[in-house]
Amino acid sequence: MKNKVAKIISCFLSFALLATTLQVGAFANLQETKANADDLYPHLTEVPEGYIGIYTPEDLNKIRNNLDKNYILMNDISFSDEDFQENGEYYNDKQGWIPIGSESSPFTGIFNGNSYSIKGLIIRTLITNNSDIGLFGCVENGTIENLILMDSQIDIDVAIRNVGGLAGNVKNSIIRNCHTTGKIALLVRRASISVGGLIGISNDSLIENCKNTGLVMVTNQGLYREVCIGGIVARDNWGSNIANCYNTGTLTVMLQPARLSPQPDIYIGGIGGWMSSSDVDNCYNNGEITVKDTTTDDIGYTIKAGGICGELSPSSNDISSCYNTGNVKILSKNSRSRVGGITGYCPKIENCYNTGEIKSDTNNSSYIGGIVGYSIRIKSCYNIGIVETEASQSCIGGIAGLAPGVSNNNNYYLNSIANGIGTGEDNAVPCTLEEMQDAETFIGFDFNSIWTINICKGYLYPQLQNNRQTSNGHDFTDWQVRTLASCTEPGSKSHHCTRCEAKADVTSIPPLGHSFTNYVYDNNAACTA
């Protein structure tokens, strides 16, 4: 993490410690949490020193009057539809909720959601006086944590830049333990935009333990240079660290003919759209990702798409310990694409896997791979998802479409795909489905500290120790004797799993002891002996 973020953490630690002590352990495994805030952890019942309690929608709205203070949510807040209708408290000339903070006057305090939710927020129609849209507009040197934003609706014609369910623009800040649900629907008219389930655009920030389960849908009129779409953050301009986040929401882009030349760029990914000098670790996506033409006109787009990220720039660090189970489909015949189960483009990918279907029918110089469209270094990755294209001018591979580097090691793919690397030195290993279920197949994988394989975890193939899929648990039998007891030595018994070699409740069986008979003559006596 960059030094600037480290300073932010140090600066806020003394203020945030009291408010977050109870929360840390409860958010350790967000994969097990639910949308209902009451299921997460016990709420703080008293307002900590140095904080202002938020109890009502009116309290929430007043934060904009003191953007440098610290706030804590003390109960769930729900907006009604009437609040955003004509004569409603938050109608605001059809605009709905006005975001808290702007780029010229950002929120710089702490907002602790205290595991409570804000429900029913609505932002709509054409907004021209703020380029950053969300519950918060712009957050700089601030913190938003432990908040659930439920059933939000952002439905607007866009002539602005950055849109996120939680915040449009985040700079040098901390976003953690936050969850968004609902829908973001945009009609793009003429601009370069960034649209994220949580965050529109970020810079040098820490984003951790966050999830999006909401829908993000973009329809364009072909009059923009660039669109970034992400389940967590749409665009990271510089140096953010994104860790332990996941997306289950659907991301969709509906394309109309591009009216600008050169071809406009589209970046779309389950975690991030376009990332620069960023780290992405321990994240996953199982949301559907689709980019689709609405016409058959000749002018297309340059599309970079992946289950985790659309693209990480050459100056980025890497994507590591991530996986994708969602389908990624690019249906735009006159475009060109870089498409992968993990990312469209990234210089370095390690310890990642894909099970989703990857499909692109773009005709113009496209690269499609089970892990990545185009990469220089791919290490210890595997793919069991379908990879397909109908375009004759595309390079396709079970691991990568294009991988010109020679440092691609220990990568495995399902042998139903013709090549591991479409263009480049193909040293990826084709495997049968059965071989993919055997740890001995994966030479070079670290099964001590990174990978594990156990069919009782509900998944038959290798998975990441610190980023597991859902566990089914063991199927134990009744007692079975492991070792028979003897007269002097104890035995043992245990429950055995019917699916693997696991044992439970290993219990000692006491020695049986001797069982002596009546006297038995060992030798008959003789006359003299």
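Keep in mind the model is a prediction, meaning the values are calculated, not measured.

Draft legend 1. Structural view of the overall build of the protein chain. Looking only at helices and strands, one finds three helices and 50 strands in the protein chain. Counting only residues that meet the buried cut, the protein chain has 55% of its 529 residues in that class. Taking the contacts inside the protein chain whose residues are at least 6 apart along the sequence as the reference set, 75% of them involve residues at least 24 apart. Of the roughly 22,200 Å² of accessible surface on the protein chain, 47% is carried by carbon and sulfur atoms.

Draft legend 2. Geometry of unusual backbone geometry. Phi at S321 is positive, roughly 55 degrees, even though this residue is not glycine. Structurally, S321 is set in the loop between β30 (318–320) and β31 (323–324). Given a relative accessible area of 16%, S321 falls into the buried group. Even without being a glycine, S380 presents a positive backbone phi close to 55 degrees. For S380, a relative accessible area of 4% translates into the label buried.

Draft legend 3. How the structure looks around the environment of N209. Locating N209 in the fold gives a position in the loop between β15 (206–208) and β16 (211–212). Spatially, the C-alpha atom of N209 lies 8.9 Å from that of H179, the residues being 30 residues apart in sequence.

Draft legend 4. Inspection of the state of the cysteines at higher detail. Overall, the coordinates contain zero disulfides when judged by the stated rule. C322 forms no disulfide, and the closest cysteine sulfur to it belongs to C283, at a distance of 4.8 Å.

Draft legend 5. Highlighting the pattern of salt bridges. Inspection of every chain in the model, using the stated rule, returns eight salt bridges. Between E311 and K304 there is a salt bridge whose closest N-O contact spans 2.7 Å. Side by side, E311 and K304 carry an identical accessibility label, which is buried. Across the pair R377 and E350 runs a salt bridge, and its minimum N-O distance is 3.9 Å. A residue pair is termed long-range when its members are at least 10 positions apart, and R377 in strand β38 (residues 372–379) and E350 in strand β34 (residues 343–350) qualify at 27 residues.

Draft legend 6. Here's a closer look at the sheet that holds strand β33 (residues 336–340). The nine strands are arranged β7-β10-β13-β18-β23-β28-β33-β37-β41 in an open sheet whose pairing can be described as parallel. In this open sheet, the two strands that pair with only one neighbour each are β7 (132–133) and β41 (395–397). Where strand β10 (residues 162–164) meets strand β13 (residues 193–196), three bridges bridge the pair, whose relative direction is parallel. Residue pairing in the sheet places N162 in a bridge with S194 of β13.

Draft legend 7. Molecular detail of the packing of aromatic side chains. Under the definition given, this model contains 25 aromatic pairs. Ring geometry for Y71 against F107: centres 6.4 Å apart, planes inclined by 35 degrees, an arrangement best described as tilted. On the criterion of sequence distance, the pair formed by Y71 in strand β2 (residues 70–73) and F107 in the loop between β3 (77–78) and β4 (110–112) is long-range, its members being 36 residues apart. Take Y71 and F107: they sit in the same class, and that class is buried. Taken together through their ring pairs, the aromatic side chains of Y246, Y284, Y323, Y353, Y382, Y412, F442, F445, F447, W451, Y459 and Y461 make up a single cluster.

Draft legend 8. The arrangement of the nonpolar core in detail. With 91 residues, the main nonpolar core has L60, W97, F111, L135 and I319 as its most contacted residues. Formed by 16 residues, the second largest nonpolar core is a distinct cluster that contains Y382, I384, F442 and W451.

Draft legend 9. A look at the pairing of strand β49 (residues 491–497). Judged by how many residues are buried, β49 sits mostly within the fold: six of seven residues are covered. For β49 and strand β50 (residues 503–509), the ladder comprises five bridges, and the chain directions are antiparallel. Residue pairing in the sheet places S492 in a bridge with S508 of β50.

Draft legend 10. Region of interest: the pairing of strand β11 (residues 167–171). Counting buried positions over the five residues of β11 gives five, a clear majority of the element. In this sheet, β11 lies alongside strand β8 (residues 136–140) in parallel orientation, the contact comprising four bridges. Looking at the pairing, C138 lines up with N169 of β11. Across four bridges, the pairing between β11 and strand β14 (residues 199–203) is parallel. The residue of β14 that forms the bridge with N169 is I201.

Draft legend 11. Representation of the side chain of S205 in the model. Within the secondary structure, S205 sits in the loop between β14 and β15. Residue classification places S205 among the buried positions, given a relative accessible area of 0%. At 3.1 Å, the side chain of S205 forms a polar contact with the backbone nitrogen of N172.

Draft legend 12. Layout of the confidence of the model for the protein chain. Per-chain confidence: the protein chain averages 85 in pLDDT, with 82% of residues scoring 70 or above. Between residues 2–39, whose pLDDT stays under 50, and residues either more than four places distant or in other chains, the model counts 79 contacts.

Draft legend 13. A look at the environment of K211. Mapped onto the fold, K211 is located in strand β16. When the C-alpha atoms of K211 and Y246 are compared, they prove to be 4.9 Å apart, with 35 residues separating the residues in sequence.

What counts and how
Residues numbered from 1 in each chain as written. Predicted model: local features only at pLDDT ≥ 70, side-chain atom pairs only at ≥ 80, totals over all residues. Heavy atoms only, no water. Helix = DSSP H or I, 4+ residues; strand = E, 2+ residues; numbered from the N terminus. Buried < 20%, exposed > 50% of the residue type's maximum accessible area, 1.4 Å probe, protein only. Contact = heavy atoms within 4.5 Å. Areas by Shrake-Rupley, 256 points an atom, 1.4 Å probe, with all protein chains shown as cover. Disulfide = S-S within 2.5 Å. Salt bridge = Lys/Arg side-chain N within 4 Å of Asp/Glu carboxyl O. Pairing = 2+ DSSP bridges. Phe/Tyr/Trp six-rings, centres within 6.5 Å; stacked < 30°, edge-to-face > 60°. Core = buried A, V, L, I, M, F, W, Y, C linked by side-chain atoms within 4.5 Å. Polar contact = N/O pair within 3.5 Å; in protein donor to acceptor, adjacent residues only side chain to side chain. pLDDT = per-residue confidence, 0-100.

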